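Overview (structure and organization)
So you can see what is in the structure, the chains are spelled out below.
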Amino acid sequence: MKHLVKKSLGGAALLLSLSVLSACGSEVSSSGSADNSGLEGRVAGLEKQLASQGEKSVEQDEKIAELEKKLDELNSTVTAVNDAGGTESALAGDNGSAGKGDGVLITFAQYEKIEVGMTYDEVKEIVGGEGEALSEAENSVVYNYKGSGDLGANAVLAFHSGKLLTKAQSGLK
């Protein structure tokens, strides 16, 4: 009786294995052996997909690390500004305040004295005051100075890390 049960279970297991293999796309030859080429192809395809996902994961990890570094820099900047009472520039170099300016008018002669590379304080001394901050971003500030001359005369000065990066003017006299 035990022999009959073992043979029945063995036969059932064989039939189950063959049906699973046929469902996976393998072919069973007349001799009863399975053709694994279909499975091997699928396994190779899955291995390629896994490798591709691994590469994407490495790239994503690098981007995340880069963004976390920038976030840490910004957090330290915010902390430094808060520690300074929120009134001083915590960024490297003094780009001046980001206010509305003090209403000074810039002349063409003053504009010509301003050179790229000068500090914000050197420019402020030449012009006689602060311009209006148009834009402030990561360690950069762009100022507009109203000018003497034609209607709409002005000068735009961009500072990065406390130094004049570029300048432009329109209609100054």
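Everything here concerns the structure above.
A short tour of the structure in this document, coming up. One numbering rule holds for all chains: residues counted from 1, following each sequence as written. For a predicted model such as this one, the threshold for reporting local features is a pLDDT of at least 70, and the threshold for listing and counting side-chain atom pairs is 80 or more; totals across whole chains, interfaces and linings nevertheless cover every residue. Side-chain measures were taken over the full set of non-hydrogen atoms in the model, leaving aside hydrogen atoms and water.

1. Structural notes on the pairing of strand β3 (residues 132–137)
For β3 and strand β4 (residues 140–146), the ladder comprises five bridges, and the chain directions are antiparallel. When the sheet's bridge partners are listed, Ala133 is paired in β4 with Tyr143. Note on pairing: two strands pair once DSSP finds at least 2 bridges between them. We count a stretch as a helix when DSSP gives it H or I for four or more residues in a row; a strand needs E for two or more, and each element gets its number in order from the N terminus. Taken together, β3 and the strand that follows it, β4, pair antiparallel across an intervening segment of two residues, in which Asn139 is found at a positive phi of about 65°.

2. Some thoughts on the packing of aromatic side chains
Centre distance within 6.5 Å is the pairing criterion for rings of Phe, Tyr and Trp, where only the six-membered ring of Trp is used; planes under 30 degrees apart are then read as stacked, over 60 as edge-to-face, and the remainder as tilted. Tallied over the entire structure, the rule returns four aromatic pairs. Look at Tyr120 and Phe159: their rings are 5.3 Å apart centre to centre, the planes differ by 80°, and that puts the pair in the edge-to-face class. You can see Tyr120 sitting in helix α4 (residues 120–127) and its partner Phe159 sitting in strand β5 (residues 149–160), a full 39 residues away along the chain. Accessibility expressed as a relative area gives 1% for Tyr120, which makes it buried. A network of ring pairs unites the aromatic residues Tyr120, Tyr143 and Phe159 as a single cluster. Geometrically, a lysine NZ or arginine CZ counts as sitting over a ring once it is within 6 Å of the ring centre and also within 35 degrees of the ring normal. The aromatic ring of Tyr111 is capped on one face by Lys167, whose charged end is 4.3 Å from the ring centroid. Accessibility here uses a 1.4 Å probe with only protein chains present; expressed as a share of the type maximum, an area under 20% marks a residue as buried, one over 50% as exposed, and anything in between as partly exposed.

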